[in-house]
Amino acid sequence: MATNKLLLTFAICRLIVTVGLTLRPTELLRLGLDGQLSLDPTDMETASLDFGMMSRAEPLAVFHPASAEDVVRLVGAAYGSVNGFTVSAKGHGHSINGQAQTSHGVVIEMSGSVKKLAQLSPLVPMEQEEQEQRYVDVWGGELWIDVLRATLEYGLAPKSWTDYLYLSVGGTLSNAGISGQAFNHGPQISNVYELDVVTGKGDLLTCSEEQNSELFHAVLGGLGQFGIITRARIPLEPAPQRVRWIRALYSNFTAFTKDQEFLISLHGHPNSQKFDYIEGFVIVDDGLINNWRSSFFSPRNPVKITSFNANGGVLYCLEVTKNYDESSANSIDQEIEALLEKLDFIPTSVFTTDLPYVDFLDRVHKNELKLRSKGLWDVPHPWLNLFVPKSRISDFDNGVFKGILGNKTSGPILIYPMNKDKWDHRSSVVTPDEQVFYLVAFLRSALDTVIGRDESQSLEYLTNQNRQILRFCDDAGIKLKQYLPHYTTQEEWMDHFGDKWAQFYQRKMEFDPRRILATGQRIFKPSFTTKVASCARDPDRPFGLPLDLVCGIFHTQLVPVPLIWYVQALLALINFLEEKMYLKHLGTAQG
Ligand code: FAD
């Protein structure tokens, strides 16, 4: 009998802890949401996975909001509920390590069908007299490809991009959003006028440089920690019609980086005297000259890398573009010529192609379709994205490209520099402490399941190699920062944010005191049964004690007392003590 009681208590405890017994998905139905709350197996499966295909977490439910107010109601319910539950906004699920997942709550599917999104938030470019005042208001879950299509109807387009456009506005603004335009316009987070954000307390706030500016800067690059972006106001420029796309090869790394750095230093010059996009990539084996990121070289006109690479070493490919339209078509050749003659690439290794602006911006999607048709898109992606300071990029080349990689890799390796002063230091994102830093991106696909692939393409091999790269940098004292960061312990996150950690933590306590948002990032532990953080800071909280603890104890005084209340009070007490220790630990670590 005693054993049975013990087992029952244990089972109830487990249920409370693992599925949040006090809040079942059916209870969410009572919130009066206009959108669709779903337990559909397909929805649940989609929300449990991401592009990385390396981590899995099934939510309690998936929510398709019909409006920002719906997001307010759901987050408000999570914040106000006695036991709480977590809420993760999911853009297009193109994270690598489960950043948009949650197993203790609800995933809000911010992206959906174009038709639905059009109803949610019609794209309304406001054409003004002043060019710099042109902008578009978009729903936070809108995909950049749809933003592009809609704005092109008005002959306009955003200025700063990602290489791939099937990413959501809210998702890239939560990281940074970078591509070859960043040297000139800054990342996407430097190209936002205004946001509507639902904070972790369920408040819908409009924020900008002038209004609620702390929230505005917190959310940009904030890894979804401070609020859910429901609207973004994006500045626009007249859309170019065509793009001249140029690639040139280098066998000398110093010459390659010198030229890249020279080209990005021209950012303040008139448009006619600089390129519009500057990237580059590393070729450690021949197969990668025409990687999945772009089909630059036609299969009918393949480029023989060996003809440029007498020593069989690593090659580097500079990739630049120049936009033009009818009015500048006559001068484009001379402008390009004037820039190219200042560069030091291998003579005869310049390749040029010409295409419509939209085709250039959407270049990766074509190859996504090809990979999908071969079953090579839905495979694990152990990507590693790093910001490497300019002063150590040559050490990185020696140690990694010419060292650790051997002559094998499993996907494109991007490398291009950016100007730090185009990044707003008030945002949450962290970059190296130098005026110029490089993005180095290992965009790997693990092909364990593909017959005939060798061991160097397995997930285990590639994951180990990522660790090796990070260890090498650590040992060599290369002070890099991860982009799209992935850490699993609080200490690692504190180290990642460095000087910015105290501010990041304060902002979290202010805007998401129960730490219910974007728990898939694994930065903060959610506070399920207590409101310690808010109590500690909010003088309006009764007794200065966690609500749940008070409720639990109160319940136990109201007899007859079901066992569940005792258990709940006990759990609340444990949680309260755990929270106290956790906050103390954070305080010590910060101090
Ligand atoms: P998700 O993966 O759905 O979410 C990412 C994080 O943001 C999660 O923590 C989530 O909770 C949070 N979030 C999502 N929506 C919101 C919202 N509305 N409000 C607040 N938080 C939110 N990045 C670049 O910078 N440049 C590139 O060129 C680039 N190319 C890529 C190409 C491919 C093929 C892939 C798979 C990724 C690429 N990325 C690139 C990385 C990409 O920007 C990030 O993975 C981004 O998070 C993906 O956006 P998403 O909409 O899929 O976000």
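For the protein chain, the name recorded in an unreviewed UniProt entry is cytokinin dehydrogenase, with Lithocarpus litseifolius as its organism. What UniProt states about the protein chain under its Sequence similarities (unreviewed entry) heading is, verbatim, "Belongs to the oxygen-dependent FAD-linked oxidoreductase family." The heading Cofactor (unreviewed entry) in the UniProt record of the protein chain holds the text "FAD".

Chemist: Hey, could you go over the overall build of the protein chain for me, with residue numbers and the actual values?
Modeler: Along its length, the protein chain carries 20 helices and 17 strands. Counting every atom, the protein chain has about 25500 Å² of accessible surface; 54% of that belongs to carbon and sulfur.

Chemist: Now, about the confidence of the model for the protein chain: what can you tell me, with residues and values included?
Modeler: As a general rule, the predicted coordinates of low-pLDDT regions are not to be interpreted in detail. Residues of the protein chain with pLDDT of at least 70 account for 76%, and the chain-wide mean is 85. Residue range residues 113-123 is modelled with pLDDT below 50. Its contacts to residues more than four positions away, or to other chains, number 23 contacts. Counting interchain partners and residues more than four positions distant, the pLDDT-below-50 stretch residues 586-591 has eight contacts.

Chemist: Run through the packing of aromatic side chains, naming residues and quoting values.
Modeler: Taken as a whole, this structure holds 31 aromatic pairs when the rule is applied. Taking 6.3 Å as the distance between ring centres and 85 degrees as the angle between the ring planes, the aromatic pair formed by Tyr250 and Phe345 counts as edge-to-face. Residue Tyr250 is located in strand E10 (residues 242-250), and its partner Phe345 is located in the loop between helix H11 (332-340) and strand E13 (350-356); the two are separated by 95 residues in the primary sequence. By relative accessible area, Tyr250 is classed as buried at 1%. Judged by relative accessible area, which is 14%, Phe345 ranks as buried. Seen in terms of ring centroids, Phe253 and Phe256 are 6.2 Å apart; in terms of plane orientation they differ by 40 degrees. Their pairing is tilted.

Chemist: Outline the site of the ligand, listing residues and values.
Modeler: Taken together, 35 residues are adjacent to the ligand, and Ala89, Gly91, Ser95, Ser168 and Tyr483 come closest. Residue Ala89 places a main-chain N or O atom 2.6 Å away from an oxygen atom belonging to the ligand. Surface burial for the ligand is 96%, taken as the share of its 950 Å² of free accessible area covered by protein chains. Mapped by element, the contributors of at least two residues to the shell around the ligand are strand E3 (86-90), helix H7 (169-173) and strand E9 (227-238). Considering only residue class, the shell around the ligand consists of 15 nonpolar, 18 polar and two charged.

Chemist: How would you summarise the pairing of strand E15 (residues 413-419) if you had to cite specific residues and measurements?
Modeler: Judged by how many residues are buried, E15 sits mostly within the fold: seven of seven residues are covered. Burial along E15 is two-sided: Ile413, Ile415, Pro417 and Asn419 facing one way and Leu414, Tyr416 and Met418 facing the other are all buried. As judged from the seven bridges shared by E15 and strand E16 (residues 436-442), these two strands associate in the antiparallel manner. Across the sheet, residue Ile415 finds its bridge partner in E16, namely Val440.

Chemist: Which residues make up the pattern of salt bridges, and what are the values?
Modeler: Here the structure, examined in full by the defined rule, presents 25 salt bridges. The network of salt bridges with shared partners includes Asp137, Glu194, Asp196, Arg231 and Arg233.

Chemist: A description of the side chain of Ser48 should follow, citing residues and the corresponding values.
Modeler: With respect to the element layout, Ser48 can be found in helix H3 (residues 41-48). Residue Ser48 is classed as buried on the basis of its relative accessible area, which comes to 0%. Apart from residues lying up to four places away in sequence, Ser48 is in contact with Ser55, Arg56, Ala57, Glu58, Pro59 and Gln101.

Chemist: Residue-level account of the sheet that holds strand E2 (residues 61-64), with values.
Modeler: Within the open sheet, the four strands sit side by side as E1-E2-E4-E3. Their pairing is mixed. At either margin of the open sheet sits one strand with a lone partner, and together these are strand E1 (36-38) and E3. On average, each strand axis in the sheet is tilted by 25 degrees relative to the strand beside it, whichever way the strands run. Note that E1 and E2 share three bridges and pair antiparallel. Bridge assignment links Ser38 to a residue of E2, and that residue is Val62.

Procedures and definitions
Residues numbered from 1 in each chain as written. Predicted model: local features only at pLDDT ≥ 70, side-chain atom pairs only at ≥ 80, totals over all residues. Heavy atoms only, no water. UniProt positions renumbered as here; feature names shortened; annotations may be inferred. Helix = DSSP H or I, 4+ residues; strand = E, 2+ residues; numbered from the N terminus. Areas by Shrake-Rupley, 256 points an atom, 1.4 Å probe, with all protein chains shown as cover. pLDDT = per-residue confidence, 0-100. Contact = heavy atoms within 4.5 Å. Phe/Tyr/Trp six-rings, centres within 6.5 Å; stacked < 30°, edge-to-face > 60°. Buried < 20%, exposed > 50% of the residue type's maximum accessible area, 1.4 Å probe, protein only. Near = heavy atom within 4 Å. Polar contact = N/O pair within 3.5 Å; in protein donor to acceptor, adjacent residues only side chain to side chain. Nonpolar A, V, L, I, M, F, W, Y, C, P; charged D, E, K, R; others polar. Pairing = 2+ DSSP bridges. Salt bridge = Lys/Arg side-chain N within 4 Å of Asp/Glu carboxyl O. Axes fitted to C-alpha atoms, helices over the stretch in contact; angles between N-to-C directions.

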